[in-house]
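# Secondary and tertiary structure notes
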Amino acid sequence: MNLETVFDGKALNAEIKELKNLLKEKATFQVGIERFLLLHSQLHRSEMSGCNKGTFEDLLWDNLSEQVARTAVNEKGRTVLYGIWHATRIEDITMSMLVNRGEQLYTRGDFKRKINAGIDHTGNSLSADEILKMSSRIDIKALQKYRLSVGRNTQNSIRALCFTDLKRKVHREDIERVRKDGAVDDVPDANWLLDFWGNKTVAGILFMPASRHQIIHLRENFRAKAKGLKSK
């Protein structure tokens, strides 16, 4: 599988650059929001937004067997299920707790029990063996339902934003809530995220966890899928 036939990296980078410019100006803010929503919808399954054409994530799941999703790894030792878990947890944490200043969807629903990941945090600190162990037990359909909820929450949150919201800095007390919730593992391999997010504005959260971060892990997932399909 040629990644460049799935992701046109130059086009995506150009789109994100243009979105940043649109969202900087009040006159073009609403146009920027609508285009951001379109980009974000391409990073989730089409069921999330109801779009009538295939998305990047639709392509990922297409012809992806359960065995490949659980066991095939990319060059970083990460499985497809790990990538989906990690990207979704971070989108939920940052949008629900840091942008909306509420509670994460993961703890509001019954997702923890149903997904059965064995961890609650983002997974940054997991070793290759721990990633495989988590991937072997996770309930795929429950993870997909969680991701649908997270994506829709992000879309609703973005639609509710005002121009002035984008410049609001992340509140330190919200970072501390993330820490107390155990949403980020309290080890050096993971807790650097708290400082990273703590230095962001709302716009910064949109352009990393809600967009660029999703792209990074989708690309990793496609590489794991390709490796798994090649070895069959």
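Residues numbered from 1 in each chain as written. Predicted model: local features only at pLDDT ≥ 70, side-chain atom pairs only at ≥ 80, totals over all residues. Heavy atoms only, no water.

Within the secondary structure, Q144 sits in helix α11 (residues 140-159). For Q144, a relative accessible area of 18% puts it in the buried group. In contact with Q144, not counting residues within four places along its chain, are R45 and W61. (Helix = DSSP H or I, 4+ residues; strand = E, 2+ residues; numbered from the N terminus. Buried < 20%, exposed > 50% of the residue type's maximum accessible area, 1.4 Å probe, protein only. Contact = heavy atoms within 4.5 Å.)

By the definition in use, this model includes 1 cavity of 30 Å³ or more. The volume enclosed by the largest cavity comes to roughly 30 Å³. Around the largest cavity sit G83, I84, A87, R147, Q214, H217, L218 and N221, which together line it. Looking at the lining of the largest cavity, the elements that each hand over two or more residues are α7 (80-99) and α14 (202-231). Sorting elements by how many residues they give to the lining of the largest cavity places α14 first, with 4 residues. Per-class residue counts for the lining of the largest cavity are 3 nonpolar, 4 polar and 1 charged. (1 Å grid on protein atoms, 1.4 Å probe; cavity = no way out; pocket = protein on both sides within 12 Å on 5 of 7 lines; lining within 4 Å. Points joined across faces, edges and corners; volume = space filled by probe spheres on them. Nonpolar A, V, L, I, M, F, W, Y, C, P; charged D, E, K, R; others polar.)

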